[in-house]
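Analysis of the macromolecular model
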Amino acid sequence: MVEDRFIPNQFLFRHGVPYRLHLENNGSEMHEFTAPEFFKAIVVKNPEVLEREQNEVLLHPNERKDLYFVAPKPGHYALICADHDWDGMQGDITVE
Ligand SMILES: [Cu+2]
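What comes next is a walk through the structure.

Basis of the calculations
- Residues numbered from 1 in each chain as written.
- Predicted model: local features only at pLDDT ≥ 70, side-chain atom pairs only at ≥ 80, totals over all residues.
- Heavy atoms only, no water.
- Helix = DSSP H or I, 4+ residues; strand = E, 2+ residues; numbered from the N terminus.
- Buried < 20%, exposed > 50% of the residue type's maximum accessible area, 1.4 Å probe, protein only.
- Contact = heavy atoms within 4.5 Å.
- Donors = N, O, S within 2.8 Å, 3.2 Å for Na, K, Ca; no water.
- Core = buried A, V, L, I, M, F, W, Y, C linked by side-chain atoms within 4.5 Å.

A few words now on the environment of L67. Looking at the element boundaries, L67 is found in strand β6 (residues 64-70). Assessed through its relative accessible area of 0%, L67 is described here as buried. Sequence separation of L67 and G88 is 21 residues, and the distance between their C-alpha atoms is 23 Å. Discounting residues that sit within four places of it in the chain, L67 has contacts with Y19, R20, L21, F39, V44, N46, V49 and L50.

Every protein donor of the copper ion is accounted for by H31 (ND1), C81 (SG) and H84 (ND1), and the metal-donor separations fall at 1.9 to 2.2 Å. The sequence pattern formed by the donor residues of the copper ion is H-x49-C-x2-H. One end of the pair, H31, is in strand β3 (residues 31-34); the other, H84, is in the loop between β7 (75-80) and β8 (90-95), with 53 residues separating them in the sequence. Of the residues examined, H84 reaches a relative accessible area of 6% and is grouped as buried.

Turning our eyes to something else, we now look at the nonpolar core. Counting 26 residues, the largest nonpolar core has F33, F38, F39 and I93 as its most contacted members. Counting only elements with at least two residues in this core, the list comes to β1 (10-13), β2 (19-24), α1 (36-41), β5 (56-59), β6, β7 and β8. It is α1 that provides the largest number of residues to this core, a total of 3 residues. Those residues in contact with F38 that sit more than four places away from it in its chain are F13, F69, Y77, I93 and V95.

See the structure below:
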């Protein structure tokens, strides 16, 4: 993440396959990987990386976090930064 976008901003995963998604905030502001429907649909192996509402991963400047998950079924999900979606900080996640 940087100001104000995800690089990349499109993600493609296969259902049933375990992933480590490595997130980096290389910007100077706080950013969030916010995807409520995605987080509802997947099984997160390290839920402590999620914020309390379990709908996002929050990263302070220069912070890195890894999300370990499996997506049990195919789907298509919206991704935003809850702070900067107004500025186009958006993407999408496809599970096939
Ligand atoms: Cu942001």
